[in-house]
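Overview (structure and organization)
If you want the building blocks of each chain, they are given just below.
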Amino acid sequence: MKIVTYPDPILRQKAEPIKEVNDEVRKLIDDMAEVMYQDDGVGLASPQIGVSKRIIVLDAGEGFSAMINPEIIELSKEEESMEEGCLSLPDIRLQVKRPTKIVIRGLNEKGEPVEFEKDGLMARVYQHETDHLNGILIIDHASTVQRQLLRSKIKNLEKAFST
């Protein structure tokens, strides 16, 4: 498996929910973890490896974690800007403003319901990866000025994709 890069259409699709957590899903989670670590990422959503399913994996300082059918159910009013990158948008980094705390729920690898509050970097990574499941990329959070500055990098990605 390898990282799917922009402008692959799968990155713009809303991923399908997982109906049953089984060995196939757990194998996909293992494969996703391998790709994430191999590419030095802190998170990965399954559309980034060409699979339109609602699964995310992450390891941003609290150890490895996977969530199936994640849903952010609460966002803090307090926001913070921080530089983000994305494995599907190589060489693009930009400031993204996001809520500093979230409450997220979904299923763990055993298919059990989980719900927890995250803040700081963990909240940011969960939001970033959940965005992927909804077809949203960091460039969609860019200001007009940021988009102008990124225009040539985005065109280069589009050119590489079409060849």
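Everything below is about the structure shown above.
First, a word on scope: everything that follows refers to the structure included in this document. Per chain, residue numbering runs from 1 following the sequence as it is written. Totals for whole chains, interfaces and linings use all residues, but because this is a predicted model, local features are given only for residues with pLDDT of at least 70 and pairs of side-chain atoms are given and counted only at 80 or more. Computation of side-chain values: all heavy atoms of the structure, hydrogens and water removed.

**A closer look at the pairing of strand β7 (residues 113–119)**
- Pairs of strands are assigned from DSSP output, requiring at least two bridges between the strands. To qualify as a helix, a DSSP run of H or I must reach at least 4 residues; to qualify as a strand, a run of E must reach at least 2; elements of each kind are numbered from the N terminus. Of the strand pairs in this sheet, strand β6 (residues 101–107) and β7 are connected by 7 bridges, and their pairing is antiparallel. Each bridged residue has a counterpart across the sheet, and for Arg 105 the counterpart in β7 is Glu 115.
- Here β6 hands over to β7 after 5 residues, with Gly 111 in that stretch at a positive phi of 85 degrees.

**What about the sheet that holds strand β2 (residues 55–58)?**
- Taken together, the 5 strands give an open sheet; going across it, the order is β1-β2-β3-β6-β7, and neighbouring strands pair in antiparallel fashion. At either margin of the open sheet sits one strand with a lone partner, and together these are β1 (43–45) and β7. Each neighbouring strand pair of the sheet contributes to a mean axis angle of 40 degrees, computed without reference to strand direction.
- Each of β1, β2 and β3 (65–75) touches helix α1 (residues 23–38); the most contacted strand, β2, lies at about 40 degrees to it.
- Whether two residues touch is decided by their heavy atoms; if any such pair falls within 4.5 Å, the residues are in contact. The axes are straight lines fitted to the C-alpha atoms, using for helices just the contacting stretch, and the angles between their N-to-C directions are given from 0 to 180°. Along the sheet, helix α2 (residues 120–133) makes contact with β1, β2, β3, β6 and β7, crossing β2 at roughly 150 degrees.

Honestly, that's just the spatial picture; any functional story needs more than this.
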